[in-house]
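Examining the three-dimensional arrangement
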Amino acid sequence: MSPILAPVALAKASRLINHGPTVLVSARHGGVDNVMAAAWACALDYDPPKLTVVIDKATRTRGLIERSGAFAVQVPTAAQAAMTHRVGTHSGSDEPDKLARAGVGLFAIDGHDLPFVAGCSAWMACRLIREPHNQETYDLFIGEIVGAWSDPRAFADGHWRFEHADPALRSLHYIAGGHFYAIGEAIDVAAGDAPG
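Report on the accompanying structure. What you are looking at is a predicted structure, and each value in this text was computed from that prediction instead of being measured. (Residues numbered from 1 in each chain as written. Predicted model: local features only at pLDDT ≥ 70, side-chain atom pairs only at ≥ 80, totals over all residues. Heavy atoms only, no water.)

1. Some words on helix α1 (residues 60-68)
Inspection of α1 places Thr61, Arg62, Gly63, Leu64 and Ile65 among the buried residues, and these make up the whole buried set. Looking at the packing, one finds that the buried side of α1 touches β2 (23-29), β3 (32-38), β6 (70-75), β9 (122-129), α4 (132-138) and β10 (140-150). A side-chain oxygen of the first residue of α1 lies 3.3 Å from the backbone nitrogen of Arg62; this N-cap is Thr59. Gly69, located one to two residues past α1, shows a positive phi value of around 80°. (Buried < 20%, exposed > 50% of the residue type's maximum accessible area, 1.4 Å probe, protein only. Helix = DSSP H or I, 4+ residues; strand = E, 2+ residues; numbered from the N terminus. Contact = heavy atoms within 4.5 Å. Polar contact = N/O pair within 3.5 Å; in protein donor to acceptor, adjacent residues only side chain to side chain.)

2. Quick look at the layout of surface pockets
Approximately 380 Å³ is the volume found for the largest pocket. Lining the largest pocket are 17 residues, and of these Trp160, Phe162, Glu163, Ala186 and Asp188 sit closest to its centre. Of the residues that constitute the lining of the largest pocket, the class distribution is six nonpolar, five polar and six charged. In terms of lining residues, the second largest pocket is bounded by 14 residues, among which Ala37, Ala38, Ala39, Gly88 and Tyr174 are the most central. For the lining of the second largest pocket, the secondary structure elements donating two or more residues are β3 and α2 (81-89). A breakdown of the residues in the lining of the second largest pocket according to their chemical character gives eight nonpolar, five polar and one charged. (1 Å grid on protein atoms, 1.4 Å probe; cavity = no way out; pocket = protein on both sides within 12 Å on 5 of 7 lines; lining within 4 Å. Points joined across faces, edges and corners; volume = space filled by probe spheres on them. Nonpolar A, V, L, I, M, F, W, Y, C, P; charged D, E, K, R; others polar.)

3. Some words on the packing of aromatic side chains
Going through the model one piece at a time under the given rule, you end up with six aromatic pairs. Pairing Phe107 with Phe116 gives two aromatic rings, centres 5.9 Å apart and planes at 35°, and the pair type is tilted. Centre to centre, the rings of Phe107 and Trp123 are 5.8 Å apart; their planes meet at 85°, and the pair counts as edge-to-face. Linking Phe107 in strand β7 (residues 106-109) with Trp123 in strand β9, this pair joins segments that are 16 residues apart in sequence. (Phe/Tyr/Trp six-rings, centres within 6.5 Å; stacked < 30°, edge-to-face > 60°.)

4. Section: the nonpolar core
Counting 32 residues, the largest nonpolar core has Val25, Phe71 and Met124 as its most contacted members. Sort the elements by how many residues they give to this core and β9 lands first, with four residues. Not counting the four nearest positions on each side in its chain, Val25 is found in contact with Asn34, Val35, Met36, Ala38, Val53, Ile55, Thr61, Ile65, Phe71, Ala72 and Gln74. (Core = buried A, V, L, I, M, F, W, Y, C linked by side-chain atoms within 4.5 Å.)

Structure below.
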């Protein structure tokens, strides 16, 4: 089954991770694909859109990113909690069939030589902005977002619509020890009511 994809304007791409979800990071190099979970990902800039993600030296995905210069960041759903935890706690270096064991489905998006994870609510293709000091010292990777898409049942017209979507599409927020929260209810505050 093909994923439901709608393009997201790059000017709005930072909104896909502004709410602090756990993400899946995927990469490809030399015919090898891998996917890992990352709890520390953040929007960095708007024009061009950039994000940061912390990727430990011990991960297989990091080596693929460093060699290929590209990676994808996806927002997994509550329905994918077990898979997200598994790809975040098992290494592709130790378990070459990790993706199959975790039930990860991959698909392609034209124009991007990256493995994208099926079933997520958002996807971003990133070009690595090489910052050797940050990468070596802090494990901090910067990516320029060069393509963005969403499942329009959860994100449409530049906004998350979790309050109207199936709860299985809510994003995950990792705490520790296999414990996640799904994003909660929306709270709207009038712009004039916010302190300055």
